[in-house]
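Letter by letter, the chains look like this.
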Amino acid sequence: MTVPAPRARRRPSAPARLLPPLLVVALLAPVALLFGLTWRHTDDDRALAARERLGVTYLSALAPVTDALVDAQSAAVAGRPVPGEPLTRAVEAAATVDTRIGSELRSQERWAGLRAKLEALRDRPPAEPEAAFAAYNEVTDLLLDLYRKVRESSGLVRDPGSDSFFLQDGAGQELPEAVVATGRLADLTALAARRPAADRLRTATDLAALRVAALTPADDLVTDLRAAVDNTESTDLGTNVLTPLDTYQRAVEALAAASNPAARTGVVDPTQVAAARLNAQAAATQLQPVILAELDALLAERVDALDQDRRLALGAVGLAVLLLATLGGVLLAAARRARRRAAEMRRARAEAVAAPESDPWRPPAGSRPDEPHPLQPVGPAGDPVAAQWGSVDAAR
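Caption draft 1: Quick look at the overall build of the protein. Looking only at helices and strands, the protein has nine helices and zero strands in total. Along its sequence from the N terminus, the protein presents helices and strands in the succession α-α-α-α-α-α-α-α-α. In the protein, buried positions account for 35% of the 396 residues. The long-range fraction of contacts in the protein, counting pairs at least 24 apart against all pairs at least 6 apart in sequence, stands at 76%. For the protein, the exposed surface amounts to about 22900 Å²; the carbon and sulfur share of it is 58%.

Structure follows, in structure tokens:
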């Protein structure tokens, strides 16, 4: 008599075995994709903000060069000795900045051209006022071109923030243009008195154009800074900027009044224009570092916020990986238990197949020693031996 073998369980198919790791990968893939997109986006924004801060550093170095160059032009046009030390000191400081960050901002070529012109003016200053006016105009044009180059290559012109965009536009374009045009207006006013009567009409036209060129960027600067204050979340921007801005605005209004030709004579007083130019330039000198400092603070705050976003993204990915690792561990443990049960079933099946046929007279497993076998006859007293001999006697 044979014992029926236990029913065999089917082994898990290959897709069933691959399902747990595929599930983990399917959950991890979108997390990795979102992290990659977030990291690349924040990395691009952070790189732009960092490069913009380099632009702010360069603009800060160009401001003293602008002031010193305008002062040197006024001295040369007026026939006074040109103060060389302020301009030399400003040029050396700007050259140091250009050496450090000019390659990244792609400004070295323009700076080299500007510096060559500045050194030529210092070594051989024009002796005649009209020639000095023309020579310094050429150099200041190069300076304004450098301002534009720095703003473009640093990304300041593409700044995404409303407040920071208006600040960079005011400090990097409107204010330098206003300072340069104001200096030209004052110097041309001084030259107009020496020009012959035949050039009077041309001079009046040039003065009117320079007056517009000086007052328009100054007005635009006021508009930019008030727009920056209105569109910012900074609590310090308005407090820090508006006071020097009011001072500058009053100086510009005084310049507009001084440069306006008299109603009866149509003459402009060069002394009043020169004094108004000095006041406007002094107000601009106080205002520009404030604007650039506030702009740099906004950019630094943006970099910190992007760094915080990157840390949060890393933390979220770490948490997702931990959860998925836990899920993978649970699935792996379940798979191991299933494999262990399958192995036990295979071992039991093998033992059942290899066992010999059972003895029909062997007591069943679990029966008591005095309990008769179901196939064994039992005598009247329950003695199997007596029953056997009883059956023999009956046969005789």
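Caption draft 2: Quick look at helix α2 (residues 84-105). By the largest-angle criterion, threonine 99 marks the main kink of α2, which is about 50 degrees. Turning to α2, its buried residues are Leu87, Ala90, Val91, Ala94, Ala95, Val97, Asp98, Ile101, Gly102 and Leu105.

Caption draft 3: Seen up close, unusual backbone geometry. One non-glycine residue, arginine 106, adopts positive backbone phi at about 55 degrees. Following the sequence through the fold, arginine 106 ends up in the loop between α2 and α3 (108-123). Assessed through its relative accessible area of 53%, arginine 106 is described here as exposed.

Caption draft 4: Quick peek at the packing of helix α5 (residues 162-192) against helix α7 (residues 237-259). Here α5 crosses α7 at 25 degrees, and the two axes come no closer than 13 Å. When the axis of α5 is compared with that of α7, the two are roughly parallel. Classified by chirality, the crossing of α7 by α5 is left-handed. Touching Asp163, Leu167, Leu175, Ala178, Thr182 and Leu185 of α5 are Leu237, Tyr248, Leu255 and Ser259, all from α7. Of the residues assigned to the contact of α5 with α7, the class counts are seven nonpolar, two polar and one charged.

Caption draft 5: Representation of the pattern of salt bridges within the structure. On inspection of all chains with the given rule, the structure shows 15 salt bridges. In this structure, arginine 122 and aspartate 123 form a salt bridge, with 3.7 Å as the shortest nitrogen-oxygen distance. For arginine 122, a relative accessible area of 48% puts it in the partly exposed group. Overall, aspartate 123 belongs to the exposed group, its relative accessible area being 55%. Among the ionic contacts, a cluster of salt bridges with common partners joins Glu52, Asp159 and Arg302.

Caption draft 6: Representation of the packing of aromatic side chains. Under the defined criterion, the tally for this structure stands at one aromatic pair. Plain terms: the ring middles of phenylalanine 165 and phenylalanine 166 are 6.0 Å apart, the flat faces sit at 70 degrees to each other, and that makes the pair edge-to-face. Judged by its relative accessible area of 30%, phenylalanine 165 falls in the partly exposed class.

Caption draft 7: Representation of the environment of leucine 114. Residue placement: leucine 114 occurs in helix α3. Judged by its relative accessible area of 1%, leucine 114 falls in the buried class. Separated by 24 residues in sequence, leucine 114 and glutamate 138 have C-alpha atoms that sit 9.7 Å apart. Apart from the residues lying within four places of it in its own chain, the contact partners of leucine 114 are Val139, Leu142, Leu143 and Leu146.

Caption draft 8: Representation of the environment of arginine 310 within the structure. Turning to its location among the elements, arginine 310 is positioned in helix α8 (residues 270-354). Spatially, the C-alpha atom of arginine 310 lies 8.5 Å from that of aspartate 43, the residues being 267 residues apart in sequence.

Caption draft 9: Representation of the layout of surface pockets. If you add up the space inside the largest pocket, you get close to 460 Å³. Lining the largest pocket are 19 residues, and of these Ala192, Leu207, Gly266, Val267 and Val268 lie nearest its centre. Residue assignment for the lining of the largest pocket shows that the elements contributing at least two residues are α5 and α6 (200-230). Here the lining of the largest pocket gets six residues from one element, more than from any other, and that element is α6. Looking at side-chain class alone, the lining of the largest pocket contains eleven nonpolar, four polar and four charged residues.

Caption draft 10: Seen up close, α7. The first and last C-alpha atoms of α7 sit 32 Å apart over 23 residues, in line with the 33 Å expected at 1.5 Å per residue. Residues Leu237, Gly238, Val241, Pro244, Leu245, Tyr248, Ala251, Val252, Leu255, Ala256, Ala258 and Ser259 constitute the buried set of α7.

Caption draft 11: Inspection of the nonpolar core at higher detail. Counting 64 residues, the largest nonpolar core has Tyr58, Trp111, Leu118, Leu167, Leu225 and Tyr248 as the members making the most contacts within it. Tallying contributions element by element places helix α1 (residues 14-78) first for this core, with 13 residues. In contact with tyrosine 248, not counting residues within four places along its chain, are Leu175, Ala178, Ala218, Leu221, Ala280, Ala283, Ala284 and Leu287. Core analysis: the second largest hydrophobic core is formed by 15 residues, Leu207, Ala214, Leu255 and Ala258 among them.

Caption draft 12: Quick peek at the side chain of serine 164. Residue position: serine 164 is located in helix α5. A polar contact of 2.2 Å, which involves the side chain of serine 164, links it to the side chain of aspartate 159. Setting aside residues up to four positions removed in sequence, serine 164 forms contacts with Asp159, Leu295, Leu298 and Arg302.

Caption draft 13: Representation of the side chain of arginine 184. If you trace the backbone, arginine 184 turns up in helix α5. Within the local environment of arginine 184, its side chain forms a polar contact with the side chain of asparagine 137, the two groups lying 3.1 Å apart. There is a polar contact of 2.7 Å between the side chain of arginine 184 and the side chain of threonine 140. Discounting residues that sit within four places of it in the chain, arginine 184 has contacts with Gln73, Phe133, Asn137, Thr140, Asp141 and Leu210.

The rules we used
- Residues numbered from 1 in each chain as written.
- Predicted model: local features only at pLDDT ≥ 70, side-chain atom pairs only at ≥ 80, totals over all residues.
- Heavy atoms only, no water.
- Helix = DSSP H or I, 4+ residues; strand = E, 2+ residues; numbered from the N terminus.
- Buried < 20%, exposed > 50% of the residue type's maximum accessible area, 1.4 Å probe, protein only.
- Contact = heavy atoms within 4.5 Å.
- Areas by Shrake-Rupley, 256 points an atom, 1.4 Å probe, with all protein chains shown as cover.
- Bend = angle between axes of the 7 residues up to and from the residue.
- Axes fitted to C-alpha atoms, helices over the stretch in contact; angles between N-to-C directions.
- Parallel < 35°, antiparallel > 145°, perpendicular 65-115°, else oblique.
- Left-handed = near helix turned anticlockwise from the far one by under 90°.
- Nonpolar A, V, L, I, M, F, W, Y, C, P; charged D, E, K, R; others polar.
- Salt bridge = Lys/Arg side-chain N within 4 Å of Asp/Glu carboxyl O.
- Phe/Tyr/Trp six-rings, centres within 6.5 Å; stacked < 30°, edge-to-face > 60°.
- 1 Å grid on protein atoms, 1.4 Å probe; cavity = no way out; pocket = protein on both sides within 12 Å on 5 of 7 lines; lining within 4 Å.
- Points joined across faces, edges and corners; volume = space filled by probe spheres on them.
- Expected span 1.5 Å × (residues − 1).
- Core = buried A, V, L, I, M, F, W, Y, C linked by side-chain atoms within 4.5 Å.
- Polar contact = N/O pair within 3.5 Å; in protein donor to acceptor, adjacent residues only side chain to side chain.

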